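Fold and geometry: a report
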Amino acid sequence: MSSLPTIPMKKNALMRFSEWLTVSRFVIIACALLCLWLVFVPLASLLYVAFAEDTPEGPGAFTFDNFINAYTVDHLWNLVENSVIFAIGSSALTLVVGVAIAWVVERTDAPGRSIFHGLSLIAFAIPGLIIAMAWALTLSPNIGWGNDVLKSMFGLTEAPFDIFTMGGMIWVLSSHYFPLAYLLMGPAFRVLDIRMEEAAVVSGAKNWQVTRRVTMPLLKPALLSTLLLIFVRAIESFEVPLLLGQPSGINVFTTEIRDAIAEAPPEFGYSSALGLTLLAICIIGVYFYRRATRHAEAYATITGKGYMPTPLRLGVWRWPVTIMTGLVFVLALGLPLFTLVWQSFYFKTVPNVDLIKDFTLESYVYILEYPVFLSGLKNSAMLGAMSATIVVFLGFVMAWIVQRTRMKYAWTLDAIAFIPIAIPSVIIGASILFAYLILPIPVYNTIWILLIAYVTMYLPYGMRFASGGMIQIHKELEEVAEVSGATLMQTFRRVLMPLMSPVLMAAWLYIFVMGVRELTASLFLAGPTTQVLGTISLTLWEEGGSFGNVAAISVIQIVPLVMIVGLMRYMENKVSKRG
Amino acid sequence: MFKSYAKNAAFALLGAGAMTLAVGSAPSFAADPSWMDKGLLAKAKKEGGNLVVYGSMNEREALPLWKIFDKVTGLKTVYVRASDVKLMARISVERRAKKPGWDILQTTAVHKLPKKWVAQYEPPLAKEIPAIAKDPNKRWYGVYANYNGLAYNSDKVKKADLPKTYDDFLKHPEWKGRIAIDKGDNEWVKAVFDHYGAKKGEKLLRAIKSKLQVKVTRGHGALARNTASGEHLISLNNYINLSIRTKLKGNPIDWWVMDPVAVFYGQVGISSAAGNPSAARLGANYLVSKEGQTQLAKSGRIPTRTDVTPNPANVLDIINKRKIIPVIMSGKEDKKWNKKFKKIFGKGPKKRKKRRKK
């Protein structure tokens, strides 16, 4: 009898809970839990494996051996040295070129600015692996056609460029990333109030003084945040060091981690210990990035004046500036693309007019008949589409929780969703592999383990897009819907979704492109039947496929990506018109 | 008279039709190949009718090979291709996950796997394989021979200039930075040590490395391609069959041999945890059969069977003039000679220590 009173209490609690747990709340909680799972499970497995003895049957007893092994002073120093030089060099060069392009496109009246913007998007969409392959074929000291041309033009006996050097690596990564720097810096230039510079000029300041004392301080936060983000992206980059650094013995953290896991037997503990070092470097970078971005937002209040910036009139310099900018794109994008297209139709590595008659489609036929190509294409497209859909949905829901609910710790969701930006793809791939080898979740060797990795990696981008879009929409609209009796789902479906659809669509396309070009994490996770385009291309390169085949598979990937970029541009225009 | 002709013709047509149907639907009714074991095939079909092969052979060679097998047996083969090292890593990872995915491993490193991972089985046709090319403990059988030789870009290097001994390399400073070797060629290093003696062998290789700045690369297939393209002038060592294959495709590459010639084998082994054990046994028998090896010889693989003619036919005549050293290393020996390789040639694409000590 004494237990009777507790029954109605339990029932009430359960009832209260079931009343509280509406479909919408359930979705919100599920999304939040999913994010926590995605971010913390790989990190936990990385830590666990780093401190566990490496045995053929799995992680063993607690040990520090992996760290002792990995942190041999000389060895670690060599990796740190190469990684940091590569990252600093690449981020500095990327920033200089990216800022110059941003200035031309956003602040001047140089002709062709819209084309440069489109070309930047195309450059962003092309996989890093393909760019690295193209540069190896262009500026190899022995077979690069670029070197051959220069040698014959200037009567040189030695090749003037060697792409398999630290300098070559820095150039290739910068030529691939500068459009990203431009895309990041563009908005900062766009919102920069020219009246401040005009005021300085009126007050008698010279041009260099205006630049140093007005423009640069205003741009400083954006510059700093772009620099840090590019630094993190550079230190975690994998394809360029793999293809251009390793042949001449230049190893960085990412290539070392991959090698350790591709060894027989795989050195999981060692690679985890190294991975933690790389992660620490990236976290420091992202911490400062977040700080810099916070300042940037403060500066962005300058924008709330509703004005149209007047472009700087270049006068006689209009065309020279356009030509110079065009040359940058010809060098950074045109040369590698030309190399790939040529190589895909010809067997000879050096383009020559006399060889035009040797045109052949054999490489394309080979690729189309290549046994895993079609399944790889399907896997990449599916993974791109699935990850984009999930990330956009998660980003949308979480951005809503963060911005619209009064939950006390809602901001932590934003922070959690941002964590993967600090985790290099190589670590995401390796740690997800470790995690799902330990956990009794049967995803190993399936497409689902790749999907988990992709969603984790792109979560921050989905969140950024959705947050940015939601800020534009005033809460009043949702309140009106609520007052009119709409449920939360109806408000989502009929008010928020239609208004945010251009932003969400742009986010979807952006993430789809990143998914299709993904390589690094997939290298650890792709199984016999789940190869993706990136892993197939790399296998062709590493295992002795002909250069023609490698070029053909690259061109086949680039064409649809360029078309998607066209679609992105269209969505971008739609969003900006609405804004 | 006409009626009887018509009747005979009708029977003949029916017979032809029936034969066509029989051949089409159940190819085993045709003259069975030497490797066929109908009892094993029936079991394989009961087990699901699948076969998973992990192999390091290029798909262009491996897929036609397994297509013949599938056509004759009606089984479905999934071929997973990667380099030796990557396959070994994958197998180790799968072992950790307790999800072994392979039935047959067809690579040069079967003997390096832990013994309990590989089943002991002797395919009936393995008796035709010479004793040197098979494991006395019945865990692996040689499918093709990987003779190690040198290769050169035939557009850029004159045949007359080719060294006759490894010492001759030191007379060619003009090749500095243009000679390459794969990072996994520890078998070759062992053969050189065996031939010259440890002290002299090491001194010689170190001299070649330092004077000619030999590049250490990754992937034997890529090494053959890059030598043919002119990225490297000479492969200090590569698998002769890969050089032949690249040459057969019309590329400017040729090969030659000097003392010693290291040889090891592309082997077949069956997983002790095979999901399709009967299909695996049948597949292993196919790989050591005359038919299987004849197919492989078309693309330049050098067969282990003596009754299969290699392509080109004189390849063994050339090789056999040299001192041949078979190298079959255990996992432990493999590690030891890997270290030795790295000590002499540097870590190449892998770790580089002590660069800062200067």
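Calculation criteria
By convention here, each chain's residues receive numbers from 1 onward along its written sequence. Note on labels: chains are lettered from A, ligands numbered from 1, in written order. Owing to the predicted nature of the model, reporting of local features is limited to residues with pLDDT of at least 70; listing and counting of side-chain atom pairs is limited to 80 or more, with chain, interface and lining totals taken over all residues. Secondary structure follows DSSP: runs of H or I at least 4 residues long count as helices, runs of E at least 2 residues long count as strands, and numbering of each begins at the N terminus. What the globule rule says is 2.2 Å times the number of residues to the power 0.38, and the radius of gyration is computed from C-alpha atoms. Residues are called buried when their C-beta atom has 20 or more other C-beta atoms within 10 Å, exposed when it has 12 or fewer, and partly exposed otherwise; all C-beta atoms are positioned from the backbone. Whether two residues are in contact depends on their C-beta atoms, placed from the backbone: they are in contact if these lie within 7 Å. Residues are grouped as follows: nonpolar covers Ala, Val, Leu, Ile, Met, Phe, Trp, Tyr, Cys and Pro; charged covers Asp, Glu, Lys and Arg; every other residue, Gly included, is treated as polar. In this analysis, strands are considered paired if DSSP registers two or more bridges between them. What marks off one domain from the next here is an automatic or database domain assignment. In this analysis, the expected span of each helix is defined as 1.5 Å times one less than the number of residues it contains. We define the bend at each residue as the angle formed by axes fitted to the 7 residues ending at it and the 7 residues starting at it. Each residue carries a pLDDT score, the predictor's confidence in it, ranging from 0 to 100.

This part covers the overall build of chain A. Helix and strand content of chain A: 24 helices and 2 strands. Against the compact-globule benchmark of 25 Å for 579 residues, chain A has a radius of gyration of 26 Å, which places it among compact chains. By its C-alpha atoms, chain A is 105 × 70 × 50 Å across when sized along the principal axes. Across the 579 residues in chain A, those meeting the buried criterion constitute 48%. Across chain A, every contact between residues at least 6 apart in sequence was considered, and the portion connecting residues at least 24 apart equals 78%.

The subject of this paragraph is the interface of chain B and chain A. How big an interface is tends to be reported as the loss of accessible area on association of its parts. Counting residues at the interface gives 37 residues for chain B, matched by 33 residues for chain A. When residues of the side of chain B that touches chain A are traced back to their parent elements, those giving at least two are α3 (59-73), β2 (76-81), α4 (84-97), β6 (215-217) and α7 (220-229) of chain B. A total of 9 residues in the side of chain B that touches chain A trace back to one element, the largest contributor, which is α4(B). Tallied by class, residues from the side of chain B that touches chain A come to 11 nonpolar, 10 polar and 16 charged.

Next up on the list: the environment of A:Pro528. Residue placement: A:Pro528 occurs in the loop between α22 (520-525) and α23 (533-542). On the neighbour-count criterion, A:Pro528 (18 C-beta atoms within 10 Å) is partly exposed. Linking A:Pro528 and A:Val372, residues 156 residues apart in sequence, is a C-alpha distance of 9.5 Å. The residues touching A:Pro528, leaving out its near neighbours within four places in the chain, are A:Asn445, B:Val78, B:Val80 and B:Gly101.

Our focus in this paragraph is the environment of B:Val78. Here B:Val78 lies in strand β2. In the structure, B:Val78 is positioned 12 residues away from B:Trp66 in sequence and 8.9 Å away in space, judged by C-alpha atoms. Apart from the residues lying within four places of it in its own chain, the contact partners of B:Val78 are A:Pro528, B:Asn50 and B:Val52.

This part covers the pairing of strand β4 (residues 141-153) of chain B. Note on strand geometry: in a regular strand, side chains alternate between the two faces of the sheet. Residue and element names in this part refer to chain B. Of all the 13 residues making up β4, 13 are buried; the element is thus mostly covered by neighbouring parts of the structure. As defined by bridge partners, β4 adjoins strand β9 (residues 261-270) across 6 bridges and the pair is classed as antiparallel. When the sheet's bridge partners are listed, Tyr144 is paired in β9 with Gly266. The pairing of β4 with strand β10 (residues 302-303) spans 2 bridges and is classified as antiparallel. When the bridges of β10 are listed, Tyr144 appears paired with Pro303. Here β4 runs beside strand β7 (residues 234-239); their pairing, made up of 4 bridges, is antiparallel. Across the sheet, residue Tyr152 finds its bridge partner in β7, namely Ile234.

All right, on to unusual backbone geometry then. Residue and element names in this part refer to chain B. Cis geometry is adopted by the peptide bond preceding Pro260, which originates at Asp259 and carries an omega value of -5°. Mapped onto the elements, Pro260 comes out in the loop between β8 (253-256) and β9. Each neighbour pair has its own omega, and for Asn311 with Pro312 the value is 0°, a cis peptide bond. The topology assignment puts Pro312 in the loop between β10 and α11 (315-319). The phi dihedral of Lys138 falls on the positive side, at around 65°, and the residue is not glycine. Assignment of secondary structure puts Lys138 in the loop between β3 (104-107) and β4.

Quick look at the domain arrangement of chain B now. All names here are of chain B. Taken domain by domain, chain B holds domain 1 (33-145 + 264-314) and domain 2 (147-262 + 317-350). Taking the mean C-alpha position of each, domain 1 and domain 2 sit 27 Å from one another. Counting residues at the interface gives 14 residues for domain 1, matched by 18 residues for domain 2. Counted by class, the side of domain 1 that touches domain 2 contains 6 nonpolar, 6 polar and 2 charged residues.

Of all the 11 residues making up helix α5 (residues 186-196) of chain B, 8 are buried; the element is thus mostly covered by neighbouring parts of the structure. Downstream of α5(B) by a residue or two, B:Gly197 has a phi angle that is positive, lying close to 95°.

Right, let's talk about the domain arrangement of chain A for a bit. Residue and element names in this part refer to chain A. Taken as a whole, chain A is organised into domain 1 (25-52 + 361-579) and domain 2 (71-357). Distance from the C-alpha centre of domain 1 to the C-alpha centre of domain 2: 23 Å. With 40 residues of domain 1 at the interface, the matching set in domain 2 holds 36 residues. At the level of elements, α2 (23-50), α15 (362-369), α18 (425-438), α22, α23 and α24 (547-578) are the ones that each hand at least two residues to the side of domain 1 that touches domain 2.

The next point concerns helix α19 (residues 447-472) of chain A. When the terminal C-alpha atoms of α19(A) are compared, their 36 Å separation across 26 residues agrees well with the 38 Å that a helix rising 1.5 Å per residue should span. Along its length, α19(A) shows its largest kink, about 45°, at A:Tyr458, and proline A:Pro460 lies within four residues downstream of that point.

Turning next to the pairing of β3(B). All names here are of chain B. By the alternation rule, side chains of β3 split into Ile104 and Gln106 and Leu105 and Thr107, which are all buried. Inspection of the sheet shows strand β1 (residues 50-55) paired to β3 by 3 bridges, in the parallel sense. Along β3, the bridge assignment pairs Tyr54 with Leu105. Here β3 pairs with β9 via 4 bridges, running antiparallel.

Moving on, we get to the confidence of the model for chain B. Residues and elements named next belong to chain B. Mean pLDDT over chain B works out to 87, with 88% of the residues at or above the 70 mark. By mean pLDDT, the top-scoring element of chain B is helix α9 (residues 277-287) (97), and the lowest-scoring one is helix α1 (residues 2-25) (46). A low-confidence stretch, residues 9-29 stays under pLDDT 50, and its non-local contacts, those more than four residues away or across chains, total 8 contacts. As a predicted assembly, this complex carries a pTM of 0.83 together with an ipTM value of 0.76.

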